[in-house]
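Spelled out, the chains give:
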Amino acid sequence: MTLCIKCLNGCVLRLYTIVSSVPILNQSKVESVIFIIHDMTEVEKMSEELNSTKQLQSTLQTVLDLAYDGIVVLDPNGVIMLANQAFSDLIGKSLMELLYKPIASVVEDQVICRLARELNKTEACYVADHPAIVSVVPMKYGDKVQGSVMKITVSQLDQLREVILQLDDLKNQLDYYKNQLHQYNGTRYDFDSIITQDENLLKLKAECRQAAHGISNILILGESGTGKELFAHAIHNASPRSREPFVKVNCAAIPSDLAESELFGYEPGAFTGAGRQGKPGKFELANGGTIFLDEIGDMPLILQGKLLRTIQDREVERVGGTRTRTVDVRIIAATNNNLIDLVQQGSFRKDLYYRLNVVTFTIPPLRLRRDDIALLVDHFIQKFNNFMGRNISGLTTTAAELLKKYAWPGNVRELENVIERVMNLISKEKQRLDKNDFSMLLAPESSVEFNVEPNVKSNILSNETINKNNRSKDYRTAMVETEKQVIIEALELASGNKALAARKLGLSRSTLYEKLRKYGFG
Ligand SMILES: Nc1ncnc2c1ncn2[C@@H]1O[C@H](COP(=O)(O)OP(=O)(O)OP(=O)(O)O)[C@@H](O)[C@H]1O
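Just so it is clear, the structure is predicted and the values come from calculations on it, not from any experiment.

A. Fine view of the overall build of the chain. The helix and strand inventory of the chain stands at 21 helices and 19 strands. Expressed as a percentage of its 522 residues, the buried residues of the chain come to 41%. Contacts in the chain between residues at least 24 apart in sequence constitute 58% of all its contacts with a sequence separation of at least 6. Taken as a whole, the chain presents about 29,800 Å² of accessible surface, with 52% of it coming from carbon and sulfur.

Dropping the structure here:
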């Protein structure tokens, strides 16, 4: 019963009471009643407190059960006062079995029992065969230690391990697909593909292999068909970037109005015809790997400035964009032009030249390494034997002599093309290639011509132009006229098909275009 009492000072006290009444009887008649009033206010208060403590405990239990870590609360004697579900799962006992029992009596794990006696300790150990981190912290009320809380981090580590395993799996898959991509899209050659026994080229190979491990940009010089691209592939493959992309750009072949977007990409709507998604440029595609800028001497002047900025800042900005993107790309540039001449003529930026000319290699032409000819011939015969299902064993002595004396203006590419052509034309019964099979290399003036300084005789197809009159002309004029004549003949033979003419000449298409422009045929 609630009793309201008015005090002398006028305030009203509400008391929770239990009232008992005892009647006093006189001959069965109630004479008076004794009321005994028990003030239960304190008890009621305690009961309310108990209820809220129970609520708090239930909240605490819910919170603890949500935690991934195993948590156990111990009193100063090591009795388990509270534990969460994760702890119970880890130990393999129900909460009923654990609560209010000394931890040493219910938990078999010796590490946990030992750590339960510690305060302020963190240890990496195994709990129930799981790698775990166990921490114990004291619980204090005021200055007095009232017990401790132990936290066992296991499940997160397990989950982390799961995530790490998945990540490893994904990494393996990524490596696999990168490998596949590498086989189909990347490079075709490595240093073993470079056939030579020439001392200078062997030395160059060794230097390039060394430079491959570095970070500097590389410039490869050399006449057309000497193997500049082959070297670029080999350098990339021997570099720490070998698993990353190798992207080739033929600077002479991209139309100048598209060159900027090809190299640097474009944003959506950057120009009429630009795709809605935008497009990454070659630099972005080569990110992490190598970009091979072939025929760099033919790069439009306007783009050279942007290339220079890209090399310096290691950033690209897409056409029509404002955002810069960081790119980590190693540049290998190659050209058969004399870049210093181009700088002097004003068609190549001096500052770009110095940026590119950090580590430079010049591949010697085939005519300066004649001992390689026999080796390369064997290599190409083998290659075409495989392609064509032939069984040619090699050259006759006279054919070998002829090929060794020939000037090879188109270098290794021309040699390869000649062998391919001859192997296509000779009869099935033939075992060895004879001098007569190489009639296309024979000028009417006979072998004397082949002893002439190679530069003078730039191509054997020019059988009419290399004559005595030419020899009396000045050296350069003879070369130019010879070359013009050779080109005209090759175009005639190819019925005006420039790609075919370039193949016949053993030149790259871009080199032929360049020469056509130079001689005003283009
Ligand atoms: N040392 C070599 N060993 C084997 N093959 C070679 C060698 N040098 C060049 N070749 C072959 O000759 C052909 C031309 O080589 P490559 O394209 O690398 O020359 P390049 O100097 O880049 O020519 P261009 O200046 O015309 O682009 C390729 O088929 C290449 O495989």
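Structure's up, so let's keep going.
B. The arrangement of the packing of aromatic side chains in detail. Applying the stated criterion to the full structure yields five aromatic pairs. Geometrically, the ring pair formed by phenylalanine 264 and phenylalanine 283 is stacked, given 5.6 Å between the ring centres and 0° between the ring planes. Residue phenylalanine 264 is found in helix H9 (residues 256–264), and its partner phenylalanine 283 is found in helix H10 (residues 282–285); the two are separated by 19 residues along the sequence. Classification of phenylalanine 264 by relative accessible area gives buried; the value is 1%. On the accessibility criterion, phenylalanine 283 (2% relative accessible area) is buried.

C. Just the side chain of threonine 290, in detail. By secondary structure assignment, the location of threonine 290 is in strand S13 (residues 290–294). Looking at threonine 290, the relative accessible area reads 1%, which means it is buried.

D. Local environment of the packing of H9 against helix H11 (residues 301–313). Two elements in contact, H9 and H11, have axes separated by 10 Å at closest approach and are oriented at 15°. Looking at the two axes, H9 sits roughly parallel to H11. Judged by the sense of rotation from one axis to the other, the crossing of H9 with H11 is right-handed. Residue-level inspection shows Ala259, Glu260, Leu263 and Phe264 of H9 in contact with H11, the latter providing Leu303, Lys306, Leu307 and Thr310. Broken down by class, the residue content of the contact of H9 with H11 amounts to five nonpolar, one polar and two charged.

E. Representation of the site of the ligand in the model. The local shell around the ligand holds 20 residues, among which Ile195, Ser224, Lys228, Arg413 and Glu416 are the closest. Tyrosine 189 is positioned such that a nitrogen or oxygen atom in its side chain is 3.4 Å from an oxygen atom of the ligand. In this structure, an oxygen atom belonging to the ligand sits 2.8 Å away from a side-chain N or O atom of serine 224. For the ligand, whose free accessible area comes to 630 Å², the fraction covered by protein is 92%. Secondary structure elements with two or more residues in the shell around the ligand: helix H8 (228–238), helix H14 (371–388) and helix H16 (411–425). Per-class residue counts for the shell around the ligand are seven nonpolar, seven polar and six charged. The residue makeup of the shell around the ligand includes at least three contributed by each of domain 3 (186–362) and domain 4 (366–440).

F. Structural context of the sheet that holds strand S1 (residues 2–6). Taken in spatial order, the three strands make up an open sheet running S1-S2-S3, and their pairing is antiparallel. Edge positions in the open sheet fall to S1 and strand S3 (29–39), since each of these has one partner strand only. Strand-to-strand, the axes of this sheet are offset by a mean angle of 50°, without reference to chain direction. Both strand S2 (residues 12–26) and S3 contribute to a ladder of 10 bridges, which runs antiparallel.

G. Inspection of the pairing of strand S7 (residues 130–141) at higher detail. Two strands pair when backbone bridges link them, and strand S6 (residues 121–127) and S7 are joined in this way by seven bridges, in the antiparallel orientation. Bridged to cysteine 125 within S7 is alanine 132. Between S6 and S7, which pair antiparallel one after the other, the connecting turn spans two residues, and alanine 128 there sits at a positive phi close to 50°. The sheet contact formed by S7 and strand S8 (residues 144–153) spans nine bridges and is antiparallel. Within the sheet, the bridge partner assigned to tyrosine 141 lies in S8 and is lysine 144. In sequence, S7 turns back onto S8 through a hairpin of two residues, with glycine 142 there showing a positive phi of about 65°.

H. Quick look at the environment of aspartate 437. Position of aspartate 437 among the secondary structure elements: in the loop between strand S19 (432–433) and helix H17 (448–451). Dropping the residues within four chain positions of it, aspartate 437 is found in contact with Val422, Ile426, Lys430 and Arg432. Here aspartate 434 takes part through its backbone nitrogen, which lies 2.7 Å from a polar atom of the side chain of aspartate 437.

I. Spatial organisation of the packing of helix H7 (residues 199–212) against H8. Packing of H7 against H8 brings their axes to within 8 Å, and their N-to-C directions diverge by 40°. It follows from the interaxial angle that H7 and H8 lie oblique. Helix-helix and strand crossings are classified by hand; for H7 and H8 the assignment is right-handed. Residues Leu201, Leu204, Lys205, Cys208 and Ala212 of H7 form the contact with H8, whose own contacting residues are Phe231, Ile235 and Ala238. Its residues placed into classes, the contact of H7 with H8 shows seven nonpolar, no polar and one charged.

J. Highlighting a nonpolar patch on the surface. On the surface, Met1, Val19, Leu25, Val30, Val33, Phe35 and Ile37 cluster together to form a nonpolar patch covering roughly 690 Å² of accessible area. Among the elements that take part in the nonpolar patch, S3 stands out by supplying four residues, more than any other. Secondary-structure assignment places isoleucine 37 in strand S3.

K. Representation of the side chain of asparagine 337 within the structure. With respect to the helices, strands and loops of the structure, asparagine 337 is situated in the loop between strand S16 (330–335) and helix H12 (339–345). According to the relative accessible area criterion, asparagine 337 is buried, its value standing at 14%. Here asparagine 337 is in contact with Gly297, Asp298, Leu342 and Glu514, once residues within four sequence places are set aside.

L. Region of interest: the pattern of salt bridges. On inspection of all chains with the given rule, the structure shows 20 salt bridges. Note that aspartate 294 is salt-bridged to lysine 248, the shortest N-O span being 3.9 Å. Of this pair, aspartate 294 sits in strand S13 while lysine 248 is found in strand S10 (residues 246–250), placing the two residues 46 residues apart along the sequence. Residue classification places aspartate 294 among the buried positions, given a relative accessible area of 10%. In this structure, a network of salt bridges that share partners links the residues Glu267, Glu284, Arg318 and Arg325.

M. Broad picture of the confidence of the model for the chain. Residues of the chain with pLDDT of at least 70 account for 88%, and the chain-wide mean is 84. Long-range and interchain partners of residues 444–473, a stretch whose pLDDT sits below 50, account for 59 contacts in this model, where long-range means more than four residues apart. We note a pTM of 0.57 for the whole complex and an ipTM of 0.98 for its interfaces.

Cut-offs applied
- Residues numbered from 1 in each chain as written.
- Predicted model: local features only at pLDDT ≥ 70, side-chain atom pairs only at ≥ 80, totals over all residues.
- Heavy atoms only, no water.
- Helix = DSSP H or I, 4+ residues; strand = E, 2+ residues; numbered from the N terminus.
- Buried < 20%, exposed > 50% of the residue type's maximum accessible area, 1.4 Å probe, protein only.
- Contact = heavy atoms within 4.5 Å.
- Areas by Shrake-Rupley, 256 points an atom, 1.4 Å probe, with all protein chains shown as cover.
- Phe/Tyr/Trp six-rings, centres within 6.5 Å; stacked < 30°, edge-to-face > 60°.
- Axes fitted to C-alpha atoms, helices over the stretch in contact; angles between N-to-C directions.
- Parallel < 35°, antiparallel > 145°, perpendicular 65-115°, else oblique.
- Left-handed = near helix turned anticlockwise from the far one by under 90°.
- Nonpolar A, V, L, I, M, F, W, Y, C, P; charged D, E, K, R; others polar.
- Near = heavy atom within 4 Å.
- Polar contact = N/O pair within 3.5 Å; in protein donor to acceptor, adjacent residues only side chain to side chain.
- Domains from an automatic or database assignment.
- Pairing = 2+ DSSP bridges.
- Patch = residues over 30% accessible without salt bridge, like charges linked within 9 Å, V, L, I, M, F, W, Y side chains within 5 Å.
- Salt bridge = Lys/Arg side-chain N within 4 Å of Asp/Glu carboxyl O.
- pLDDT = per-residue confidence, 0-100.

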